[in-house]
Amino acid sequence: MTASPRVTLSRRRFLSLTGALAAGGLALGATGLWPRWARAEPALARRLLRLGRDIYPHEAIEDRYYLAPLTPLLEARRDEIAAGLEDLDRRARATHGREYGEIEGAAEREALLREIQSSDFFQAVRGALVVGLYNTPELWEPHFGYQGSSWEQGGYLNRGYNDLVIDWL
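This is a predicted model, so every value here is computed, not measured.

J.: Where do I start with the overall build of the protein in this structure?
T.: Per the secondary structure count, the protein includes 9 helices and 0 strands. Listing the helices and strands of the protein from first to last along the sequence gives α-α-α-α-α-α-α-α-α. Relative to its 169 residues, the protein shows a buried fraction of 30%. Taking the intrachain contacts of the protein between residues at least 6 apart in sequence as the baseline, contacts between residues at least 24 apart amount to 54%.

What follows is the structure, given as structure tokens:
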């Protein structure tokens, strides 16, 4: 029986390898919940995510809940969505000298959205998100204070119509 050669690993090499593995794991973990299209087109996903969070701002809701409802919209109207984002970025560059997602002030981004709020692009994104966010049962009670349908339990009168804990209205 022959002895296998001993491989030495310096502390610096060990730390660089484990650091790279940890960073890769974090990146995969963060994007692993994103829809497949968002992982394939992260720039488009970031731009739509910023837009969605400005239309319906809920800090505590995870990104995936904003991105998932946009999947059918992008499958059906991807070119229109990309053109709408380009138009929004063009307006932002003309007004603020940078792209929409790079504008730090929420009021400045809101002013840009008010300019396009009647466009088909904006209404398509808004419509997909309003249904996608507010019709997701796992978000109802923890984020919106809504306890779900009550007709199965005899309605709200029998269940306590005064017990809603909606603090964001």
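J.: What is the right way to read the environment of L139 from this model?
T.: Considering the arrangement of structural elements, one finds L139 in helix α8 (residues 137-144). Taking relative accessible area as the criterion, L139 reaches 1% and is therefore assigned buried. Sequence separation between L139 and Y65 is 74 residues; the distance between their C-alpha atoms is 8.9 Å. If we skip the residues at most four places from it in the chain, L139 touches I61, Y65, L133 and F144.

J.: For this particular structure, what's the right way to read the side chain of R109?
T.: Summarising the element assignment, R109 is placed in helix α6 (residues 106-116). R109 gets classed as buried once you look at its relative accessible area, which sits at 6%. In terms of polar contacts, R109 uses its side chain to reach the backbone carbonyl oxygen of E104, at 3.1 Å. Contacts of R109, omitting those with residues within four sequence positions, involve R50, D54, Y100, I103 and E104.

J.: Sorry, what's going on with the side chain of H58 here?
T.: Position of H58 relative to the elements: it lies in the loop between α3 (42-55) and α4 (63-67). Leave out the neighbours within four places in its chain, and H58 touches R53, Y66, Y134 and F144.

J.: What should I look at first to understand the pattern of salt bridges in this one?
T.: Oppositely charged side chains can pair when the atoms bearing their charge come close. By the definition in use, this model includes 13 salt bridges. With its nearest N and O atoms 2.7 Å apart, the salt bridge here joins D54 to R109. With D54 in helix α3 and R109 in helix α6, this residue pair connects regions lying 55 residues apart in the sequence. Residues D54 and R109 agree in their burial class; the two are buried. Taking the shortest distance from any N to any O, the salt bridge between R91 and D87 comes out at 3.0 Å. Of this pair, R91 and D87 both sit in helix α5 (residues 70-96), 4 residues apart, which is roughly one turn of the helix. Judged by its relative accessible area of 24%, R91 falls in the partly exposed class. D87 sits in the partly exposed class, given a relative accessible area of 23%. Among the ionic contacts, a cluster of salt bridges with common partners joins D87, R90, R91 and E115.

J.: Could you clarify how one ought to interpret the packing of aromatic side chains in this entry?
T.: To describe a pair of aromatic rings, you give the distance between the ring centres and the angle between the ring planes. By the definition in use, this model includes 3 aromatic pairs. Each ring, one from Y56 and one from Y134, has its centre 5.6 Å from the other, and the planes form 85 degrees; the classification is edge-to-face. With Y56 in the loop between α3 and α4 and Y134 in helix α7 (residues 120-134), the pair connects residues that are 78 residues apart, well separated along the chain. Y134 gets classed as partly exposed once you look at its relative accessible area, which sits at 27%. Centroid distance Y134 to F144: 4.9 Å. Interplanar angle 55 degrees. Geometry classified as tilted. With Y134 in helix α7 and F144 in helix α8, this residue pair connects regions lying 10 residues apart in the sequence. One aromatic cluster is present, formed by Y56, Y134 and F144 through successive ring pairs.

Parameters and conventions
- Residues numbered from 1 in each chain as written.
- Predicted model: local features only at pLDDT ≥ 70, side-chain atom pairs only at ≥ 80, totals over all residues.
- Heavy atoms only, no water.
- Helix = DSSP H or I, 4+ residues; strand = E, 2+ residues; numbered from the N terminus.
- Buried < 20%, exposed > 50% of the residue type's maximum accessible area, 1.4 Å probe, protein only.
- Contact = heavy atoms within 4.5 Å.
- Polar contact = N/O pair within 3.5 Å; in protein donor to acceptor, adjacent residues only side chain to side chain.
- Salt bridge = Lys/Arg side-chain N within 4 Å of Asp/Glu carboxyl O.
- Phe/Tyr/Trp six-rings, centres within 6.5 Å; stacked < 30°, edge-to-face > 60°.

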